[in-house]
4 protein chains.
Amino acid sequence: MKQVKSRVKDTRLVDEKRKRIVDGAIKVFTKKGYHKATVRNIAEASGLGLGSIYDYVKSKDDILYLFYQNYMNSFYAKLNSADIQLEDDPKKRLLITYRAHIDVCFELEDQVMLAFTQARYMKKRYLKDILTREAEIVAKFKEILLEIGLSDGEADLTANNLVSSSAFGVLRRWNLKGKHTREEITDFLCDVNLKSAMER
Amino acid sequence: MKQVKSRVKDTRLVDEKRKRIVDGAIKVFTKKGYHKATVRNIAEASGLGLGSIYDYVKSKDDILYLFYQNYMNSFYAKLNSADIQLEDDPKKRLLITYRAHIDVCFELEDQVMLAFTQARYMKKRYLKDILTREAEIVAKFKEILLEIGLSDGEADLTANNLVSSSAFGVLRRWNLKGKHTREEITDFLCDVNLKSAMER
Amino acid sequence: MKQVKSRVKDTRLVDEKRKRIVDGAIKVFTKKGYHKATVRNIAEASGLGLGSIYDYVKSKDDILYLFYQNYMNSFYAKLNSADIQLEDDPKKRLLITYRAHIDVCFELEDQVMLAFTQARYMKKRYLKDILTREAEIVAKFKEILLEIGLSDGEADLTANNLVSSSAFGVLRRWNLKGKHTREEITDFLCDVNLKSAMER
Amino acid sequence: MKQVKSRVKDTRLVDEKRKRIVDGAIKVFTKKGYHKATVRNIAEASGLGLGSIYDYVKSKDDILYLFYQNYMNSFYAKLNSADIQLEDDPKKRLLITYRAHIDVCFELEDQVMLAFTQARYMKKRYLKDILTREAEIVAKFKEILLEIGLSDGEADLTANNLVSSSAFGVLRRWNLKGKHTREEITDFLCDVNLKSAMER
DNA sequence: AATGAATGAGCATTCATTCAT
DNA sequence: TATGAATGAATGCTCATTCAT
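Scope of this entry: the structure provided in the associated data block. (Residues numbered from 1 in each chain as written. Chains lettered and ligands numbered in written order. Predicted model: local features only at pLDDT ≥ 70, side-chain atom pairs only at ≥ 80, totals over all residues. Heavy atoms only, no water.)

**Regarding the packing of aromatic side chains**
Line of reasoning, step 1. Summed over the entire model, instances satisfying the criterion amount to 28 aromatic pairs over all chains.
Line of reasoning, step 2. Between A:F168 and A:F188, the aromatic rings sit 6.3 Å apart at their centres with planes inclined by 35 degrees, giving tilted as the arrangement. Placement of A:F168 in helix α10 (residues 168–171) and of A:F188 in helix α12 (residues 182–198) is noted, with a sequence separation of 20 residues between them.
Line of reasoning, step 3. Between C:F67 and C:Y71, the aromatic rings sit 5.8 Å apart at their centres with planes inclined by 25 degrees, giving stacked as the arrangement. Here C:F67 pairs with C:Y71, and both are found in helix α4 (residues 60–79), just four residues apart, close to one helical turn. Assigned by exposure class, C:F67 and C:Y71 land together as buried.
Line of reasoning, step 4. The aromatic ring of C:Y34 is capped on one face by C:K60, whose charged end is 4.4 Å from the ring centroid. (Phe/Tyr/Trp six-rings, centres within 6.5 Å; stacked < 30°, edge-to-face > 60°. Helix = DSSP H or I, 4+ residues; strand = E, 2+ residues; numbered from the N terminus. Buried < 20%, exposed > 50% of the residue type's maximum accessible area, 1.4 Å probe, protein only. Lys NZ or Arg CZ within 6 Å of the ring centre and 35° of its normal.)

Below, the structure is given as structure tokens:
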């Protein structure tokens, strides 16, 4: 993970302020997208002075990267939670992992949209880093699928599909909202995307 | 479909120049995204003078809308092609329609990425229009699924899933490129996403 | 001579506008120095819109370089004037060349001050270019001195001294103004700095 | 001499810290010039905390003034040294004074460049003060020249010329370095600029 | 109809200075 | 006395849009 440089050295302070910056940025990015969001907007939304932002971040680019780091962390935290790790049966573990992933997507609705749409604006070296972290999540799924007995090729495609399809409810919310509940959608996704793995 | 206003009145001319503008814009948008693309860039890429752009389009926003119109038309053209319409068996029609949709996604790879990521930057009234057109494509799938015998709820979710999943190979090209062929991916998608419909 | 890039291609126009920019810049630089001069100030002083400046110049740095080019040209023009070139006797040619150089310094008083004090702010590659052009002027003096019969070492030191001392009246104007006329100063300089060469 | 105000009252402490500030500032100014040097840079270079600078100095301007005071003091110290004062013969005194002045210039090479180029950035009232101090040095030379028998006008011009020409080796170091030794240059300057005074 | 020169609003970023600790 | 976190005014530069030719 690349380290974002900061003028301020006190780690505690840096973490706290960056949290505020990211939270503010999410609000602004959600409303306007990365480009139309001005650093001033973000400063206001995070309750910091314009200049102070630059004590914790070297450029606007860094804020986007900070967002992605925070975003990926949310998935890591959930997928590494105790109850998932403890499940021995790979099929059951696959199911709860997938549902957990879908859950996070629903909970971070706006962030999922941002993550999907703003990636292109990240600096190359940052993007590479984030894609690497995402690949680790795919690997988690693939590992379970191999355990269940899928071939490497199948496992790879399926793992990618699981990660990708989790966002279905969010990416198509415009079409689905009001017609289908979150639970309905989750069940549908599990049904469709886990079927072949479960039948092994 | 909203009409984009143009200073020039000769329809033939307008169509030809707009085609060039959209083609140029796609190149530039693909490289830089909508925001970083300047109207100058687009003018150069399309072989028009900077000022001339504004004879065929009222603002930069219009160019994005023009792109989306062109993009949606590509899907319409393919999904309305004779051989699909002529197929009587709904299951077979479903299959070839889905494959056709996936095909277009692979062919318009860059445009699919653009469509997914730049939608937020369209003016509200334009966005609504494009979403309506997209809904028509979903409706096409839903219609076949109802014919096959799915309930309205199932058909709706499934239709959305088919349209959404078609872009899988493109949206995750970073992870899939080099490991899986286009055909493999297509077969995998058909297998996973059409299974329950086919089993009716 | 490095070429400053310009968006506008019409040479006639570029020359005219750049002339205005340099003239405006001299006024502003003279009052505030390079750094405190804002591009906005320069735009106003030259009667151009802020944005237009950047049609003729790529950055503020370029304006400084343009000034130095213009400054060096003034010396070239004077030192290459017909009456100087036609003089056959090297001692006489030395005298009129030196007086001409001093003359230009007095005439371009403000520019001389700028040239002396702002050089450090030029981009390295530009600075090198300007120093090369200045070296050519020194070489002009050296050539005459060699013709008169000075050794290479003497000629080199003397040539540098002549170029350097020409600005005496300007660099010390704070102390000399009101006490000594321009002619007095010129005669004094010729007396002191040409004496040994003339005595050969 | 204008007094720079300081929040701290302990004179001993003030002097010591200001010395460090000036020393640090010279390093930074030399590398970047006054304007590009940030107070942070100076704080780091002088080993003080950013805020502490403002305990000893009221503004960045003051630091520049402090530099000039320190710079002028270097000349005073040298020109008032015992062996110069003790010399009775005015011609000999003139010679050793001029050589001493040239010596200081060579030794304070970087500071000489700074002094020449950054004067414009000093606050008016400070600049006036420094120019007054410089005038005192000119007066020292003038006094000797009058003693030797030059007219007031000659003495004034010559005195200014001596002070001004001392920096020749430094101001033109780009052209002279590698070709002429410090001694050669010094001898040359004495030869040229003292000749008429010595011939009285 | 076609062109590109002109414009200024808008933005990221820097930095002198203040002030709470 | 010493420190450095906080601030926002100020500035270089970009770019959509207009308009004279």
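The discussion continues.
**What to know about the arrangement of the chains**
Line of reasoning, step 1. Separated without contact, chain A and chain C have their nearest C-alpha atoms at a distance of 21 Å.
Line of reasoning, step 2. Separated throughout, chain B and chain D approach each other most closely at a C-alpha pair spaced 31 Å apart. (Contact = heavy atoms within 4.5 Å.)

**Side note on the pattern of salt bridges**
Line of reasoning, step 1. Applying the stated criterion across every chain yields a total of 62 salt bridges over all chains.
Line of reasoning, step 2. Note that C:E107 is salt-bridged to C:R182, the shortest N-O span being 2.9 Å. Taken together, the residues span a long stretch of sequence, with C:E107 in helix α6 (residues 90–107) and C:R182 in helix α12 (residues 182–198) at a distance of 75 residues.
Line of reasoning, step 3. A residue is classified by how much of its surface remains accessible, and C:R182, at 31% relative accessible area, is partly exposed.
Line of reasoning, step 4. Members of the salt-bridge network, linked through shared partners, are A:E109, A:D110, A:R173 and A:K177. (Salt bridge = Lys/Arg side-chain N within 4 Å of Asp/Glu carboxyl O.)

**Here's the deal with the side chain of B:D62**
Residue and element names in this part refer to chain B.
Line of reasoning, step 1. When you line up the elements, D62 lands in helix α4 (residues 60–79).
Line of reasoning, step 2. One buried charged side chain, D62, makes no salt bridge at all; its nearest oppositely charged neighbour is R125, positioned 5.0 Å away.
Line of reasoning, step 3. When residues no more than four places from it in sequence are discounted, the contact partners of D62 are V4, V57 and Y126. (Lys, Arg positive; Asp, Glu negative; His and termini not counted.)

**Overview of the relation of the copies chain A and chain B**
Line of reasoning, step 1. Of the transformation placing chain A onto chain B, the axial shift is 0.0 Å and the rotation is 179 degrees, giving an RMSD of 0.1 Å. On the angle and the small slide along the axis, the relation comes out as a two-fold axis. No C-alpha of chain A lies nearer the rotation axis than that of A:T117, which sits 2.1 Å from it.
Line of reasoning, step 2. Comparing contact sets, 100% of the residues at the interface of chain A also lie at the interface in chain B, consistent with an isologous, same-surface contact. (Least-squares fit on C-alpha atoms with pLDDT ≥ 70 in both.)

**Brief notes about the protein's contact with DNA strand F**
Line of reasoning, step 1. The environment of DNA strand F is formed by 36 residues, the closest being A:K17, A:Y56, D:V8, D:S52 and D:Y56.
Line of reasoning, step 2. Considering DNA strand F, the proportion of its atoms within 4 Å of the protein that are sugar or phosphate atoms stands at 61%.
Line of reasoning, step 3. Contact between DNA strand F and A:G51: a base nitrogen at 3.0 Å from a main-chain N or O atom of the residue.
Line of reasoning, step 4. One of the side-chain N or O atoms of A:S52 is found 2.7 Å from a phosphate oxygen in DNA strand F.
Line of reasoning, step 5. For the surface near DNA strand F, the secondary structure elements donating two or more residues are α1 (11–36) and α3 (50–56) of chain A, α3 (50–56) of chain B, α2 (39–46) and α3 (50–56) of chain C together with α3 (50–56) of chain D.
Line of reasoning, step 6. The residue makeup of the surface near DNA strand F, split by class, is 16 nonpolar, 10 polar and 10 charged. (Near = heavy atom within 4 Å. Polar contact = N/O pair within 3.5 Å; in protein donor to acceptor, adjacent residues only side chain to side chain. Nonpolar A, V, L, I, M, F, W, Y, C, P; charged D, E, K, R; others polar.)

**Side note on the protein's contact with DNA strand E**
Line of reasoning, step 1. In the vicinity of DNA strand E there are 35 residues, among which B:V8, B:S52, B:Y56, C:K17 and C:Y56 approach most closely.
Line of reasoning, step 2. Separating a phosphate oxygen of DNA strand E from a backbone N or O atom of D:V39 is a distance of 2.8 Å.
Line of reasoning, step 3. Within the backbone of D:K60, one N or O atom sits 2.9 Å away from a phosphate oxygen of DNA strand E.
Line of reasoning, step 4. Where the surface near DNA strand E is concerned, the elements lending two or more residues are α3 of chain A, α1 (11–36) and α3 of chain B, α1 (11–36) and α3 of chain C together with α3 of chain D.
Line of reasoning, step 5. In terms of residue class, the surface near DNA strand E is built from 17 nonpolar, 10 polar and eight charged.

**Focus on the environment of B:E44**
Residue and element names in this part refer to chain B.
Line of reasoning, step 1. With respect to the element layout, E44 can be found in helix α2 (residues 39–46).
Line of reasoning, step 2. Given the relative accessible area of 60%, E44 is considered exposed.
Line of reasoning, step 3. Distance from E44 to T117, taken between C-alpha atoms, is 24 Å for residues 73 residues apart in sequence.

**Some remarks on α12(A)**
Residue and element names in this part refer to chain A.
Line of reasoning, step 1. Here α12 spans 22 Å end to end across 17 residues, near enough to the 24 Å set by a 1.5 Å rise per residue.
Line of reasoning, step 2. The largest bend in α12 is about 35 degrees, located at V192.
Line of reasoning, step 3. For α12, the set of buried residues is I185, T186, F188, L189, C190, V192, N193, L194 and A197. (Expected span 1.5 Å × (residues − 1). Bend = angle between axes of the 7 residues up to and from the residue.)

**Things to note about the interface of chain A and chain B**
A common measure of how large an interface is: the accessible area buried when the components associate.
Line of reasoning, step 1. Contacts between the two partners involve 42 residues from chain A, matched on the other side by 42 residues from chain B.
Line of reasoning, step 2. Regarding the contact of chain A and chain B, the summed buried area is about 3,400 Å², with carbon and sulfur atoms giving 56% of it.
Line of reasoning, step 3. At the boundary of chain A and chain B, one finds five salt bridges.
Line of reasoning, step 4. Run the count over chain A and chain B and you get 11 residue pairs in polar contact (both at pLDDT 80 or more).
Line of reasoning, step 5. Elements supplying a minimum of two residues to the side of chain A that touches chain B: α1, α7 (109–118), α8 (124–148), α9 (152–165), α10, α11 (173–176) and α12 of chain A.
Line of reasoning, step 6. For the side of chain A that touches chain B, the class distribution of residues is 16 nonpolar, 15 polar and 11 charged. (Buried area = accessible area lost by both parts, 1.4 Å probe.)

**With respect to the packing of helix α6 (residues 90–107) of chain A against α12(A)**
Two measures define how a pair of helices packs: the angle their axes make with one another and the distance between the axes.
Residues and elements named next belong to chain A.
Line of reasoning, step 1. Look at α6 against α12: their axes get within 10 Å of each other, and the N-to-C directions meet at 145 degrees. Here α6 and α12 pass one another in a crossing that is right-handed. Within the contact between the two elements, α6 uses K91, L94, L95, Y98, R99, I102, D103, F106 and E107 and α12 uses R182, I185, T186, D187, L189, C190, N193, L194, A197 and M198.
Line of reasoning, step 2. Per-class residue counts for the contact of α6 with α12 are 11 nonpolar, two polar and six charged. (Axes fitted to C-alpha atoms, helices over the stretch in contact; angles between N-to-C directions. Left-handed = near helix turned anticlockwise from the far one by under 90°.)

**A closer look at the packing of α4(C) against α6(C)**
Residues and elements named next belong to chain C.
Line of reasoning, step 1. For the pair α4 and α6, interaxial distance at closest approach is 10 Å and the crossing angle is 145 degrees. The crossing of α4 and α6 is right-handed. Facing α4, whose interface residues are F75, K78 and L79, α6 presents T97, A100, H101, D103, V104, C105 and E107.
Line of reasoning, step 2. For the contact of α4 with α6, the per-class residue count stands at five nonpolar, two polar and three charged.

**Concerning the nonpolar core**
Line of reasoning, step 1. In this structure, A:F29, A:I53, A:L94, B:F29, B:I53, B:L94 and B:F141 are the most contacted members of the largest nonpolar core, which totals 138 residues.
Line of reasoning, step 2. Apart from residues lying up to four places away in sequence, A:L94 is in contact with A:F141, A:I144, A:L145, A:I148, A:L162, A:L194 and A:A197. (Core = buried A, V, L, I, M, F, W, Y, C linked by side-chain atoms within 4.5 Å.)

**Comments concerning helix α6 (residues 90–107) of chain D**
The periodicity of an α-helix, 3.6 residues per turn, causes residues three or four positions apart to be oriented the same way.
Line of reasoning, step 1. A rise of 1.5 Å per residue sets the reference length of α6(D), with its 18 residues, at 26 Å; its end C-alpha atoms lie 25 Å apart and thus fit the reference within 8%.
Line of reasoning, step 2. All buried positions along α6(D) are accounted for by D:P90, D:R93, D:L94, D:T97, D:Y98, D:A100, D:H101, D:I102, D:V104, D:C105 and D:F106.

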